[in-house]
Structure formats: structure tokens, C-alpha cells
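# A closer look at the structure
What follows is the residue order along each chain.
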Amino acid sequence: MNARVSLSVSDLQGWYGESKALHGMTFEVGAGEVVTLLGRNGAGKTTTLRAIMGLLRKKTGEIRFDGEDVAGRMPEYIARRGIAYCPEERGIFASLTVEENLFLPPVIAEGGMAVDDIYALFPNIAERRNSQGTKLSGGEQQMLAIARILRTGANLLLLDEPTEGLAPVIVQQIGAVIRKLKERGFTVVLVEQNFRFASKLADRHYVVEHGRVIDTLAAADVAGNRDRIQNYLKV
Amino acid sequence: MMTLLGISPQLLFGQLLIGLINGVFYAMMSLGVAIIFGMLRIGNFVHGAQYMLGAFGAWYLLHLPDLFPGFGLPSLGYWWALALVPVAVGLIGALMERVFIRRVYELEHAYGLLLTVGLAMVIEGLFNVGYGAAGQRYDIPAALRGGVNLGFMFLPYYRLWVIVAGLFVCVATWYIVERTKLGAYLRAATENPNLVRAFGINVPRMLMLTYAFGVGLAGLAGVMAAPIYQVSPQMGQSIIITIFAVVVIGGMGSISGAIFTGLMLGMIEGLTKVFWPQASTTVIFVIMVLVLVFRPAGLFGKETASAHAADMSTARPNSFLENGRLWLPILSVVGMVLPFLIYPVFGMKILCFALFACAYNLIFGYVGLLAFGHAAFFGSSAYVAAFTAASWGFPTELAILSGMVVATLIGAVFGWLAIRRQGLYFAMITLALAQLVYFYAIQAPWTHGEDGIQSVPRGYLFGFIDLDDTMNMYYFVLAIFLIGFAAIYRIGRSPFGQILKSIRENEPRAISLGYSTDRFKLLAFTLSAMFAGLAGATKAIVFQIASLADLYFTTSADALLMTLIGGVGTLLGPIVGAIVVVTMQKEFATLGAWVVVVQGAAFVLCVLFLRKGVIGTLEDWMATRSESKRIAAGYATGLAAKAVE
Amino acid sequence: MTIAADNIIEVRGLTKRFHGFAAISNVDLDVRRQSIHALIGPNGAGKTTFFNLITKVHQPSGGSIRFNGEDITNEDPARVARRGIVRSFQISAIFPRMTVAENVRIALQRPKGTSFHFWRSESSLSVLEDRVDELLAAVGLEHMRDQTAAGLPYGRKRALEFATTLAVEPELLLLDEPTSGLGTEDVERIAALIRSVSANRTILMVEHNLSIVARLADKITVLARGKILAEGTYAEVSTDPRVIEAYIGGEE
């Protein structure tokens, strides 16, 4: 693991109204790492990301980002500290064009990707920059949702199931993108159900069930533990 | 001279021009209301007052030397006003957002509307105190005096300027919202504010700026309107209801839709003035009705779901304050003694308004729909009762019954129309429909316009009890009130009332259990209208007059205020509220115009600090007290048990 | 050729598009009468959308839904509920400020035909009390009947919702994640309840808790990306390579 810790979550408890969704999530992400939260539907992965982002208000525990506890902060503060979020439902705005969607998140620090680099990474988006955001296909919308958080200079990316509901070809493309992001030094927390996809990308996997981490696997351990992982995830 | 369908082109084009100018103002105003509504989910009723502030701002600047003599201030003319006033009004708007409106975002939408109604009453009331009903003249700036003769008509330069400048502002607003980065933030935050926050954008600040911008537009419209209409405290009151109708017609689909709808309706209004002058004040409201029937989502709107009820009730069902079997006898006794303690006429006024508030509570408290047009039922019933008693010689009880029947029918129609639309729209639609009735009453010959129907005979009850005798009249009114109160209580506790309760608490669930909730809401609305009609007709007989005030939106606001002060959804709240409001109106009557300010302030304070109302708060307090007593008692026995061990 | 009498619901070519995105596309599904049928699939597969289509909360973009042989594609939600298709919600759907008993009574009231009777006394509903008590006893809430529903623990709220749903005597019960957000003990209680009410009734459920599905369901349909991926018993479905791929990810 890298020397510097980017994000550390400890004993996070969270609620949706009365329904408790997080029961003591604890995990750590080093700077420049790609880490996945794996688990079945309803395990609490999305809730964890929403909690980190400040979108889940009812919570206790600690969320440290670059050493600062941001658990009590508002989403806009957390975003400005350098965390960017790509939600599961993608959140493409119907009333905005593709280009407006892309340029919506404000630049919060230097070091974000240049627009030309982004267009090079996502040629489809460049082609369709003047269409309405939600007229894109599911895969293109996902690309756009990732693309728009790369410009801002945020260093930690929270990606919520970027492969969900997408065809295999698109899944491969998204895998390639995440690999490039890692090369560029982004830190990534990836929420996934698709383990085969995640296993090729991540440095470490946290298996989540019932709102807590029940197992941790380093990338190197994956090959020897396929069955164990399948048991966590399969039907 | 050439004529078109017997109408001279001067008249035709003249009215079209006036219509176009009105349309420009409608467009600018509804643009602001629509942007604020989209982003803040607030039905900005105070928009009219803010428009009025703009006009007065211009007038103040012109009269600086007179207002502050001795400071050597210059008189700032129109062009200064055009630049300074919208900014100033916008700043006032920002302040209002910061101090008041921000506090209700997390609450039911109804509170936002109530709050802005209160603010409008305070602002307009204050100006009314200062300037009365008389308008102030504001001259057309020197550079724009005169005009050009186009041959078929004379076109004053100032009017041309208003059209050009107004359209420019509309198009510029459209450009800002639809084509700039700032507008992209606005559109995105309207769709999904949380995600926009998660991108690091300070959405709360955006909300404030959006509000300030919308309000600034109203201020600008006010400045531009100053030389055309007189600068008067009432100028905003009448336009805001029309603007709400425009917004309902246009829907919330698009900015360009709002602009187009505003302009179009102004022109239609102008044309109506040429061909059918009597209908010109009501045409917009009639169009609204047609749009609701044939295109419920509005011309450019998208949503069509019907109104979902919101639980605003503050009642605790188990409290003894909610037990009607206990309170009906108590109220009867108190009512019988009352005329020996206070003036019977004052007592009758309280009874009439208490019944009105109870009727209103049936739809607002029991069902959770923010109706804002109950003046239509109260007033129309008052007029019908007064007319049938005075002109047709109906016996008193039949006159009251006729009033009730008419109110019930109007209620059924209005309810059927309004239930088609969601949330705040319900309030806007009922308000606009009530205004339709108000304008009708101004025009119709049988209502005698500003005079109303006066000297209504009280008559003889059952043909032999002389109601001119104050005590007889009082006990008749008391009987009506008690019957109404008991009936409304029964409705709340009936099998039907149970379903209403379930709709209020969880409408989707009620639907999933097989209840067609719209039908229940419609019946409740109609019943509410019926009892409001009973109150109105009785009031007309007691005070022997039916007047325009009974139909004006302030009467609807009174019903709301009484219910809110007393406690929404509680059994006794409307009565307490009626006592408070009627007493307040009497006590402050000597202060004249201040009454409205005090009432507006009461609205604002209730929304901010007393949302549960007097009775709701009392019930809460009693429940907590008995709870803590219970816990204390349990604790004591626990200790005792330990001591024994 | 299908025999209508065997299937309580028959869905053909059902499609729902939002903003051009097909959440459900061309789904054919039959639910056999008096079976427990589970609908599973990864997030975003369209399960809840499918429920909303059957209960007519959403209007389908295409296809047809037949219930007991009758076409219900264009009916409104309340009408569909009156036919006997009643659903539970993901977030417990109760009437919070009514008592537990009143919650159930609301559901029992409709067949009485007096729901519009605003002149009658509430006591006219007291004939329903016995049935209320029976239903509350069935879900273990009889000792809480006079409490306000809002004050119940979460698991009990779900039980109350269940009792309310049963009160309408639905022919087809749609359960949307009946065990989500519950502790182990409550999950077992609900599972037992589902089992006990399944007699003489058809149940279609969306559920994430696969051990529940494995134990209860007669048949499982796996949805992915708005389409049906596989259908069969738990043993068949859980070993189907396409299903494993959908859940765990495909080989490249």
C-alpha cells in the first residue's frame, strides 16, 4: 500500500430514515490506488459513497479525506476538497446538452484533465456534444458521467457501478478508461457487482455485506480465492 | 374610414397595443414566478408586492428632494430608476430569502405559499398605510414623450419602448437560462439539486441569487409600469393572481413557453376588450379553465399527475381537545351565554367565520389540500342568499339554502378542475378560479358592482320568528354554527373521513389499496364548499349585505389564517383562529389600513414559529406532559421496587 | 398455446422507456396461479419498474398485461388494486398517525361499500374489528393494536404493512423487497409470514435476500438490463452461466 492515505472510513453507520443501511463500514484507500467495494444488491455500497459525499445526512463515524474528517460537512464543501462523484443513476441532466453536462462541475483545483484529452478518451462524447444529455445511449451517458468529473482537478473519484446495465463492449471500454485514470494518478473507489470487471482493475477489494466490510482481498490474492469471492456474490 | 367587423382600426390596434404591453408585463412577471417556482419550489405570492416596490422605487428616486429635504439630494429620473431599482428590489428579495423563505424549504410547499402571502400582505399593507388607495403619478421620461402616427393608429414612443425593452429583457433572460453556464447550473439544480451540490456548487447561495433575480425582474417590470399605470399600493395585488393563472396555462415546461404564454394572453385580453369588453377581465381565467380541461399539464408543461395530499394536520387524535362529543355540549353552553357577555353582533361574526374556518379546515386540515379560493364559495353564497332574500323575497331559510346550493355546485366544478394538478398548482388554480367569480361579480348587473347587495331583509324564521330581533338572530346563527360544526365533526369521523385521513397520510398507499383518491378529494372539496357557503349565506343575512369583499382573495386568506393560527386539522383550532382573527380585525379597526399589516405579520409569524397553531401546540404540550409524568411515575415505582430489594 | 386458467397474470411484450432509455424491454412473463414467483436481478435490471407497470403506477410504452384473462393494460392504479392486485412498497407504507388497528381497518373498509358515506358514524365500522384482530394476530401485532403506527419499530411497520395488504384479500400479492432493511429476526418472521399467506394466493416478489428466495420461491425469473435473462427453479437459475455472468461479470 502507498505511504499516503487518501481516504479512510471508520465505523461508519448510516440510516435512510429508520432503515439502517450501514453497520460500521471501515476501509482505507491509499493515494493513487483503485479500490473496489464489492457486494450484492442492497449491501450498502451506494450508501457508503453517498455518505462519503455528504449526501447521506443521518450517519455517525469518521470519514477522513487527506487527514481531515469531513463526515459532518456539506456536499459542496466535500466536493471542493477534491472528491468527485459519479452516481449509480448517472445523473445526466435532461435539460442540458452533452457539452453543458460535461462542463457543469466547476474546476476546484489545478491538475484536472484538459478537455481535448477528455474528448480523446471519449470520442463518442465529442461527436455528440450538442445533443440533449439524456438522448445519449446508456453507455454514452455513463461515459459522460465519468468524463465530467475528470476536468475538475478532483483527485479522488467515487464511481458507482459504472458497468451497470451496459453491454460487454462498453464495459471493456470503461475498464480501459479506468486503467488510464489510474495511470494518471487518480485515486478511485469503485462500487461494483461485476467482479470479473473489477478484478482486472483494482489494487484491493473490500467485500461488503449488510452494511459492513466482511472481507478484504489484495489483487494478488484474487487468483487463488475465486471460489470464495464467487460465494460472496453469486445468486 | 375603413372598419373591420364594424370596429375601427384605431380601436382594434389601440387595444392590441395595450394587450401587447400587458402581455410584456405578464411575460416578465411569470418568467420570474416560473424560475423561482422551478428552482425553489416556492409559489411566490409576494411577486406582486415586489413589482409594486419597483414602481414605488422609481417614484421615490424622482422625489428624493421632497422625501429627504435638506440633504441636497438630486431628483433621479426614469433612466436612473431603470438601472438602480431592479438591483435594489433584487437585494430586498435576497434579504427576504435569507431571513424568511430559506426557513421553509424543508417544509411542505404550502408553507412557502402561506409565508409569501403573509409577506405580500405586510408590504402592500404598509404602502397602503402610507399612500392609501390613491395612485401616484409618474410622468413619462422626456425622451420618450410623444409618438408616431402610423396612419391606422397613433403609437406613443413610451409604449413602443416598453414593448421593445420588455421583449429584450425576456429574450435576455431566456438566453441566460438556456444558453449560459450560469443557466446550466440553474437548470441542473432544478433537476437534481443534490447532485449539483456534490459537484461543489453552493446550491443554497444559488437559490438566494435565483430568488433575487426573479424578484429583480418584478422590480424592473414595476419601473417600466410606473409611467403607464398609476403607482399605487394595489397594483401588485391584482396582477399576481393573473400571473398565477398565466403560469398554470403555460405550465412549467420552458422559459420560452412562459414568455409566449404571457404575450399571447395579453393580446387575447386586448382583443377581448374590443369585441366583448365585459369579458376582458375574466378571459384569462376562462382560458385557464379550458386548458385545465383539455390539456391539464398546461400548454408547455409536462407533469399531469393529480394533486397529492400533504399531511399538515397538527391534531393528536387521542387528545380530549379532539373529542367532539365533549366539545359540542360545551360549545352550545358557551354559545348560549355568550350574547350576555359580548355584543351579540360581534358574537355572530365570530360564529360565521368560525364555521367558515371549520369548512376550510375540512379540505386543508382533514385532506391536506391547500385550497386558496374559498372566498368563491363564501361570497357567491352570500350574494345568492342576499339576492334571493332581497329581490325574490325568499324566506330566510330558503335564501340560505339557495346560497348553499350554488356554493356546492361551484365547489364541485372548481374541485373537479383543480384536482387535476399537482401540489402548489392546486392553490394557484383555486385562487384563480375564485378570482374569476370575483370579476364576474364586479360586472354582473344583479350584484350591483362596488355597492354590493345592501339592505338584505333578515326576515322571519319559519315565518314567525322575527330575525330583526338581535337575540333571535343570534340564536339562529348559533344553531347553524352548531349544526355545521357537528356535521363537519361527523364527516371527519365517518367511514369517508377515515379514507380522507388515509389519503392525507399516505396517498400512494391508499391508491394501492384500491381507493380512487381523486373522487374522495372531490367529495371532500365539495362538502367544504357547501359549509363555506352556509357560513357566507348566514353572514349575508346577519349583516344584511353581500359585497365584493366577501369574494376577494383576502377572504380566502382569512380562512387560511384562522385555520393556521388555531391549528390545522384540529377540532377547535378553526374556532380559536376565528376568535383571534375577528377580534384582531375589530381591535385594529381604528388603525384602518394597519389591519392588513398585522394580519400579514400574523401569517409570517405563524409559519415561522407557530406552525402547529394554538390548539396543536396545546395538544402537543399536554401529550408531552402526560408522557413525562408517566415516565416519572414509572421511574418512581422502579426506584421503589429497587429499594424493596 | 397457454391455458389462461393456469396463469393469473400474463405479460406480453411489455416495454417501458424513460427519456428514450428502455428500462423494460419486450418482457414476456407468466405467473402461475397459487405459486410464489420471485423476480431477481442486478441493480437497475428493471424489477421495480416492472412492478410499477403491473400496478399501473407507470403506463407501459408497449405490450400488454392480462390478469385472469382480462386486459388491464390501460386501467388506473386504484382499479387494478380493486381487481385484486395489491402491492407492498420498498419503504414501509403505513398510515403513520393512525393506530395499528385503524391501518388495517382502512383496507377492510372498501368492500363494505360505505367509503363515501360521510354521514355515518365511525362506529358503523366496528363490525370489522374481529377481522382486524385476526389479521393483526396473524402478523404478531395483536398486543399493539391501539398504538400509533409511527411509533412502531421498523420491522413491526413492515409487518403492519403486510397485514394491511392481506386485509384486501389480494388474489395477487406483489412484494417489493419485503425483507430489505430488516434485522435477521425480522427477516425470519417475514419469511414465515410469506409462506403462511401463500396458500390460496399468488405471490410475485422482488427480493435481494437470496436465501429467502431459495427457500420460498417456486419459480424465479432473472431480469437484467430490462430483459429476461433466465427463468426456472432456484437450482436451475443459480447454476445458469448467463445468470452468474450477470451477477459476477462476464469473461472477456
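The structure we're discussing is the one just above.
First, a word on what this report is: a plain description of the structure on this page. (Residues numbered from 1 in each chain as written. Chains lettered and ligands numbered in written order. Predicted model: local features only at pLDDT ≥ 70, side-chain atom pairs only at ≥ 80, totals over all residues.)

### A closer look at the overall build of chain C
Across its full length, chain C carries nine helices and 10 strands. The C-alpha radius of gyration of chain C comes to 19 Å, within 12% of the 18 Å expected for a compact globule of 252 residues. Each principal axis of the C-alpha atoms in chain C carries an extent, and together these give about 65 × 40 × 35 Å. Of all intrachain contacts in chain C linking residues separated by at least 6 positions in sequence, the fraction that spans at least 24 positions is 67%. (Helix = DSSP H or I, 4+ residues; strand = E, 2+ residues; numbered from the N terminus. Rg over C-alpha atoms; globule rule 2.2 N^0.38 Å. Contact = placed C-beta atoms within 7 Å.)

### Quick look at the packing of helix α10 (residues 235-250) of chain B against helix α17 (residues 423-443) of chain B
Residues and elements named next belong to chain B. At a minimum axis distance of 9 Å, the contact between α10 and α17 shows a crossing angle of 125°. Considered as vectors, α10 and α17 are oriented oblique to each other. As for the relative orientation of α10 and α17, their crossing is left-handed in sense. Facing α10, whose interface residues are I241, F244, A245, V247 and V248, α17 presents Y425, M428, I429, L431, A432 and Q435. Considering only residue class, the contact of α10 with α17 consists of 10 nonpolar, one polar and no charged. (Axes fitted to C-alpha atoms, helices over the stretch in contact; angles between N-to-C directions. Parallel < 35°, antiparallel > 145°, perpendicular 65-115°, else oblique. Left-handed = near helix turned anticlockwise from the far one by under 90°. Nonpolar A, V, L, I, M, F, W, Y, C, P; charged D, E, K, R; others polar.)

### Re the sheet that holds strand β9 (residues 204-209) of chain A
All names here are of chain A. With mixed pairing, six strands are arranged side by side in an open sheet as β6-β7-β8-β3-β9-β10. The sheet is open, and its two borders are formed by β6 (83-86) and β10 (212-218), each paired with just one other strand. Taken over all neighbouring pairs, the strand axes of this sheet differ in orientation by 20° on average, direction set aside. One ladder, built from six bridges, connects β9 with β10; its direction is antiparallel. Counterpart to R204 in the pairing with β10 is A218. Across the sheet, helix α1 (residues 45-52) is in contact with β3 (34-38), β6, β7 (156-160), β8 (187-192) and β9; its angle to β7 comes to roughly 145°. (Pairing = 2+ DSSP bridges.)

### What to know about the interface of chain A and chain C
Contact residues are listed per partner, giving 25 residues for chain A and 22 residues for chain C. Listed by contribution, the elements that provide at least two residues to the side of chain A that touches chain C are β2 (19-30), α7 (168-183), α8 (195-199) and α10 (226-233) of chain A.

### Considerations on the interface of chain B and chain C
Each partner contributes to the interface: chain B provides 22 residues, whereas chain C provides 29 residues. For the side of chain B that touches chain C, the secondary-structure elements that each account for two or more residues are α18 (470-493), α19 (495-505), α20 (507-512) and α21 (517-543) of chain B. Among the elements that line the side of chain B that touches chain C, the one with the most residues is α19 of chain B, at eight residues. Of the residues belonging to the side of chain B that touches chain C, the class tally is nine nonpolar, eight polar and five charged.

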